[in-house]
Amino acid sequence: MKNQLKNIYTLMGITPDVYTFGDKILTTLQDRFEAIDATAEYNQLKVLKAMQDNRVSEACLLGTTGYGYNDLGRDTLEAVYASVFHTEDALVRPQITCGTHALALALMSNLRPGDELLSPVGKPYDTLEEVIGIRPSKGSLKEYGVTYRQVDLKEDGSFNYDNIEKAINEKTRLVTIQRSKGYQTRPTLSVERIGELIAFIKMIKPDVICMVDNCYGEFVETTEPSDVGADMVVGSLIKNPGGGLAPIGGYIAGRKECVENAAYRLTSPGLGKEVGASLGVLPQFYQGLFLAPVVTASALKGAIFAANIYERLGFPVVPNAKETRHDIIQAVTLGTQEGVIAFCEGIQAAAPVDGHVKPEPWDMPGYDSKVIMAAGAFVSGSSIELSADGPIKHPYAVYFQGGLTWPHAKFGILRSLQALVDKGIVTAEQIVEIRQ
Ligand SMILES: *Cc1c(COP(=O)(O)O)cnc(C)c1O
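Residues numbered from 1 in each chain as written. Predicted model: local features only at pLDDT ≥ 70, side-chain atom pairs only at ≥ 80, totals over all residues. Heavy atoms only, no water.

**With respect to the site of the ligand**
Next up, step 1: For the ligand, the full set of nearby residues is C98, G99, T100, L103, Y125, Q178, D213, C215, Y216, S236 and K239.
Next up, step 2: One of the side-chain N or O atoms of T100 is found 2.5 Å from an oxygen atom in the ligand.
Next up, step 3: Measuring from a nitrogen atom of the ligand, one finds a side-chain N or O atom of D213 at 2.6 Å.
Next up, step 4: Protein chains bury 89% of the 370 Å² of accessible surface belonging to the ligand in isolation.
Next up, step 5: Counting residues per element, the shell around the ligand draws most heavily on helix α5 (residues 99-110), at three residues. (Near = heavy atom within 4 Å. Polar contact = N/O pair within 3.5 Å; in protein donor to acceptor, adjacent residues only side chain to side chain. Areas by Shrake-Rupley, 256 points an atom, 1.4 Å probe, with all protein chains shown as cover. Helix = DSSP H or I, 4+ residues; strand = E, 2+ residues; numbered from the N terminus.)

Put into structure tokens, the structure is as follows:
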């Protein structure tokens, strides 16, 4: 078997040296992989229980068209999400186009003119800047008279409780907490830390709505922010909870009133959750959620494998090789343009779709430098699938995430390393030397 494996890796362009190096690294990760498998096992049963408790039946897989009145599958799926997240209600729709849309919806439906929004964890995800109006934009919260305040994390990544207390005032209506670091260097927040932050905020102002941007965090731990006091958790179905199968969609799970507000905003006052045909996507929504715990585990293993490989080769990695994980994103600082390009070319070459395509840096709207992206996904732009992107600017870091299966994530990382070796950015001597 060992030889058979080595042979097929050779056939796929991985030299025996690179393969053996990866194998050596893997032997040091057994305990961590076991812990990830245990989390996946727990979450698999949590999802299964939610499906059984809500009596998911064959009829739930059929969709509706037109207005979508009495869509059994849609309504049951929303009950399943509410059970998984232990919330009163949930809104899970293909009409929610992406994560940003889900977050904008949750914010815009629960804030009124004169209210204030607070982020106690620093700058939110890039796309939210225009939603809030930090960068001027048509239809932003700012245009509707919703003000915004932000308290940055301290230097060491801890919460600045003093300033958070000062920032909360009679106008503060909603607090937004981003779980994942996204493309920043701050640490990702554990569910436990989110719980501590929410407890502190509720102590100062009990009626404030605490919303968590849950993108990339679902099923990484056995609990979710809604288990530790969040009034709403919000995310994208083309990330973790869609399990790679959902072709579109977003979710908001939370308190009944919050979800209701979002539903009336998504469709219309008076209509709310009653309309919104599910079309043909319900089988993928259900099956994707069912697979999500194991898919998330695969992506996590890939992230940890990448951290360990690249840290051993001397590249700075965030999170580092040993840290516990609270999301599926891995940053690797390659330090040069050539390094970023080679890494992304390697990831692209590992893709099941468009694997023959060579990615190139381009001027992406909304970015202040060229960006190179590697994505050969079944669902366009899906970042639960193996993907990487890197802005072509100092410090020349790539952000790597996803992998629907662990073997594919493993291959993708070895393929990226192979690309760096082929270009002489990592020398053959480096990997052979470390191997011994
Ligand atoms: C991906 C992401 C978003 C936005 O989701 P899109 O689907 O890209 O619009 C928001 N917040 C975080 C932390 C994310 O990772």
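Continuing now.
**Examining the sheet that holds strand β1 (residues 89-93)**
Next up, step 1: Spatially, β1-β7-β6-β5-β4-β2-β3 is the arrangement adopted by the seven strands of the open sheet, whose pairing is mixed. The strands lining the two open edges of the sheet, one partner per strand, are β1 and β3 (147-150). Strand-to-strand twist in this sheet, taken as the mean axis angle between neighbours without regard to direction, amounts to 20 degrees.
Next up, step 2: As judged from the five bridges shared by strand β6 (residues 232-236) and strand β7 (residues 250-254), these two strands associate in the antiparallel manner. Its bridge partner lying in β7, M232 is registered against G254.
Next up, step 3: Lying on the sheet, helix α8 (residues 191-204) is in contact with β4 (172-178) and β5 (209-213); it crosses β5 at an angle near 160 degrees.
Next up, step 4: The sheet strands contacting helix α9 (residues 256-266) are β1, β5, β6 and β7, and the helix crosses β1 at an angle near 30 degrees. (Pairing = 2+ DSSP bridges. Axes fitted to C-alpha atoms, helices over the stretch in contact; angles between N-to-C directions. Contact = heavy atoms within 4.5 Å.)

**Comments concerning the sheet that holds strand β10 (residues 371-375)**
Next up, step 1: Spatial ordering of the open sheet is given by β8-β9-β12-β11-β10, a layout of five strands whose pairing is antiparallel. With one partner strand each, in any of the chains shown, β8 (317-318) and β10 form the two edges of the open sheet.
Next up, step 2: Here β8 runs beside strand β9 (residues 330-333); their pairing, made up of two bridges, is antiparallel. Bridging from a neighbouring strand, V318 pairs with A331 of β9.
Next up, step 3: Sitting on the sheet, helix α10 (residues 282-312) is in contact with β8, β9 and β12 (397-401), with an inclination near 20 degrees to β9.

**Some details on the pairing of β12**
Next up, step 1: Most of β12 sits out of view: five of its five residues are buried.
Next up, step 2: Of the two faces of β12, the one carrying A397, Y399 and Q401 and the one carrying V398 and F400 are both buried.
Next up, step 3: The antiparallel pairing of strand β11 (residues 387-391) with β12 creates a hairpin that spans five residues between the two strands, and Y396 there sits at a positive phi of about 60 degrees. (Buried < 20%, exposed > 50% of the residue type's maximum accessible area, 1.4 Å probe, protein only.)

**Description of the packing of aromatic side chains**
Next up, step 1: Throughout the structure, instances matching the rule amount to 13 aromatic pairs.
Next up, step 2: Between Y9 and Y19 the ring centres are 4.8 Å apart and the planes differ by 40 degrees, which places this aromatic pair in the tilted class. Here Y19 lies in helix α2 (residues 16-27) and Y9 lies in helix α1 (residues 2-11), a separation of 10 residues in the sequence. For the pair formed by Y9 and Y19, the shared burial category is buried.
Next up, step 3: Arranged with centres 5.8 Å apart and planes meeting at 65 degrees, the rings of F159 and Y161 form a pair that is edge-to-face.
Next up, step 4: Under the relative-accessibility criterion, F159 is labelled buried at 5%.
Next up, step 5: An aromatic cluster is defined as three or more aromatic residues linked by ring pairs; in this entry it consists of Y310, F315, F343 and F400.
Next up, step 6: The ring of F159 has R193 lying over it, and the distance from NZ or CZ to the ring centre is 4.5 Å.
Next up, step 7: The residue whose ring lies beneath K239 is Y216, and the NZ or CZ to ring-centre distance is 4.2 Å. (Phe/Tyr/Trp six-rings, centres within 6.5 Å; stacked < 30°, edge-to-face > 60°. Lys NZ or Arg CZ within 6 Å of the ring centre and 35° of its normal.)

**So, unusual backbone geometry**
Next up, step 1: The step from V318 to P319 runs through a cis peptide bond, and the omega angle for that step is -5 degrees.
Next up, step 2: For P319, the location among the structural elements is in the loop between β8 and β9.
Next up, step 3: In the segment running from H394 into P395, the intervening peptide bond is cis, with an omega of 5 degrees.
Next up, step 4: By the secondary structure assignment, P395 is in the loop between β11 and β12.
Next up, step 5: Of note, H86 is a non-glycine position whose phi angle comes to about 55 degrees, a positive value.
Next up, step 6: Mapped onto the elements, H86 comes out in the loop between α4 (72-85) and β1.
Next up, step 7: Of note in this structure, D354 is not a glycine but carries a positive phi near 60 degrees.
Next up, step 8: Positionally, D354 belongs in the loop between α11 (337-349) and β10.
Next up, step 9: For D354, a relative accessible area of 37% gives the class partly exposed.

**Topic: a nonpolar patch on the surface**
Next up, step 1: Taken together, the side chains of M1, L5, I8, L11 and M12 make up a nonpolar region of the molecular surface, amounting to roughly 560 Å² of accessible area.
Next up, step 2: Relative to the elements of secondary structure, L11 occurs in helix α1.
Next up, step 3: Assessed through its relative accessible area of 72%, L11 is described here as exposed. (Patch = residues over 30% accessible without salt bridge, like charges linked within 9 Å, V, L, I, M, F, W, Y side chains within 5 Å. Salt bridge = Lys/Arg side-chain N within 4 Å of Asp/Glu carboxyl O.)

**A few points about the packing of α2 against α10**
Next up, step 1: Running from amino to carboxyl end, α2 crosses α10 at an angle of 115 degrees, the nearest separation of the two axes being 10 Å. Classed by the angle they form, the pair α2 and α10 counts as roughly perpendicular. Of the two elements, α2 crosses α10, and the hand of that crossing is right-handed. When α2 is examined against α10, the residues F21, G22, I25 and L26 are found in contact with a partner set consisting of F305, N308, I309 and R312. (Parallel < 35°, antiparallel > 145°, perpendicular 65-115°, else oblique. Left-handed = near helix turned anticlockwise from the far one by under 90°.)

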